[in-house]
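Residue-level structural notes
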Amino acid sequence: MPKLSCPNCGMQQDKSWEDGGKGYMDDGDNYCCRGCAEDTGCTCAHHKGPVLNAD
Ligand SMILES: [Zn+2]
Ligand SMILES: [Zn+2]
């Protein structure tokens, strides 16, 4: 199975996606979460945007 990436935020599919990693299906597209599907903002825990300062 090819790796998917969220069409809204671009996050690669992994276990943090909704529904145990399956994501949220909307109109034939697979989003990481419902927030991306409805364009209300990604709610995935590990999605924090670009890392500017490595700690
Ligand atoms: Zn997303
Ligand atoms: Zn998300």
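Structure first, text after, so check above.
Just so it is clear, the model here is predicted, and its values are computed rather than measured.

A look at the overall build of the protein
- Regarding its fold elements, the protein presents two helices and two strands.
- In sequence order, the protein lays out its α and β elements as α-β-β-α.
- When burial is assessed residue by residue, the protein has 18% of its 55 residues classed as buried.
- Look at the contacts in the protein between residues 6 or more apart in sequence, and 29% of them connect residues 24 or more apart.

Digging into unusual backbone geometry
- With phi around 60 degrees, Asp 19 is a residue other than glycine that occupies positive phi space.
- If you trace the backbone, Asp 19 turns up in helix 1 (residues 18–21).
- Of note, the phi angle at Asp 39 is positive, near 60 degrees, even though the residue is not glycine.
- Structurally, Asp 39 is set in the segment after helix 2 (34–37).

So, the environment of Pro 2
- Relative to the helices and strands, Pro 2 resides in the segment before helix 1.
- Accessibility expressed as a C-beta count within 10 Å gives 5 for Pro 2, which makes it exposed.
- When the C-alpha positions of Pro 2 and Gln 13 are compared, they lie 9.8 Å apart, and in sequence the two are 11 residues distant.

Criteria and cut-off values
- Residues numbered from 1 in each chain as written.
- Chains lettered and ligands numbered in written order.
- Predicted model: local features only at pLDDT ≥ 70, side-chain atom pairs only at ≥ 80, totals over all residues.
- Helix = DSSP H or I, 4+ residues; strand = E, 2+ residues; numbered from the N terminus.
- Buried ≥ 20, exposed ≤ 12 C-beta atoms within 10 Å, placed from the backbone.
- Contact = placed C-beta atoms within 7 Å.

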